[in-house]
Amino acid sequence: MMIRQRFGILLMIIFLPINGPLLRMSLNAFNLSLPFGEFSFFTLCIIMFMVGGIMTFTPKLKFESMSKSP
């Protein structure tokens with residue numbers, strides 16, 4: 001398993017939409033406030049979850065040169 005895939009799984013676990021209130025409570029415990037509302041935070045969680053899914057499930061890319069000499 002590549003590091004990219006491991007990081008993707010970590011993103012998916014942390015930014016599960018159900019973990020949104022837990023993330024907000026943990027940030028409030030450290031006296032950090034978020035500059036956006038509930039819906040924006042939910043949208044951010046969904047986007048980060050999808051980024052983690054893309055990082056986890058996309059195959060390894062192999063780059064080949066476009067010009068082949070005969």
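Up top is the structure these notes are about.
Quick caveat, the model's predicted, so the values are computed rather than measured. (Residues numbered from 1 in each chain as written. Predicted model: local features only at pLDDT ≥ 70, side-chain atom pairs only at ≥ 80, totals over all residues. Heavy atoms only, no water.)

1. Some details on the overall build of the protein chain
And then number 1: Assigned secondary structure in the protein chain consists of three helices and zero strands.
And then number 2: The order of α-helices and β-strands along the protein chain, N terminus first, is α-α-α.
And then number 3: In terms of C-alpha radius of gyration, the protein chain reaches 18 Å, well past the compact-globule figure of 11 Å for 70 residues.
And then number 4: In terms of overall dimensions, the protein chain has a C-alpha envelope of 65 × 25 × 20 Å along the principal axes.
And then number 5: Put simply, the protein chain has 70 residues, and 19% of those count as buried.
And then number 6: Sequence separation of 24 or more characterises 67% of the internal contacts of the protein chain that already satisfy a separation of 6 or more.
And then number 7: Taken as a whole, the protein chain presents about 5,900 Å² of accessible surface, with 74% of it coming from carbon and sulfur. (Helix = DSSP H or I, 4+ residues; strand = E, 2+ residues; numbered from the N terminus. Rg over C-alpha atoms; globule rule 2.2 N^0.38 Å. Buried < 20%, exposed > 50% of the residue type's maximum accessible area, 1.4 Å probe, protein only. Contact = heavy atoms within 4.5 Å. Areas by Shrake-Rupley, 256 points an atom, 1.4 Å probe, with all protein chains shown as cover.)

2. Details of the environment of phenylalanine 30
And then number 1: Residue position: phenylalanine 30 is located in the loop between helix H2 (20–29) and helix H3 (38–57).
And then number 2: The exposure class assigned to phenylalanine 30 is exposed, which follows from its relative accessible area of 65%.
And then number 3: With 29 residues separating them along the chain, phenylalanine 30 and proline 59 place their C-alpha atoms 38 Å apart.

3. Digging into the packing of H2 against H3
And then number 1: Closest axis-to-axis distance for the H2/H3 pair is 10 Å, and the angle between their directions is 115°. Between H2 and H3, the crossing angle belongs to the class labelled roughly perpendicular. Two packed elements cross with a definite hand, and for H2 against H3 that hand is right-handed. Between H2, through Gly20, Leu23 and Arg24, and H3, the contact on the second element is made entirely by Glu38, Phe41 and Cys45.
And then number 2: When the residues that make up the contact of H2 with H3 are grouped by side-chain class, the tally is three nonpolar, one polar and two charged. (Axes fitted to C-alpha atoms, helices over the stretch in contact; angles between N-to-C directions. Parallel < 35°, antiparallel > 145°, perpendicular 65-115°, else oblique. Left-handed = near helix turned anticlockwise from the far one by under 90°. Nonpolar A, V, L, I, M, F, W, Y, C, P; charged D, E, K, R; others polar.)

4. Concerning H3
And then number 1: With 20 residues, H3 should cover 28 Å at 1.5 Å per step; its first-to-last C-alpha distance of 29 Å lies within 8% of that length.
And then number 2: Buried residues along H3 sit in contact with helix H1 (3–14) and H2. (Expected span 1.5 Å × (residues − 1).)

5. Observations concerning unusual backbone geometry
And then number 1: A positive phi angle, close to 60°, is found at asparagine 31, a residue other than glycine.
And then number 2: Looking at the secondary structure, you find asparagine 31 in the loop between H2 and H3.

Such coordinate-based values are descriptive only and should not be taken to indicate function.
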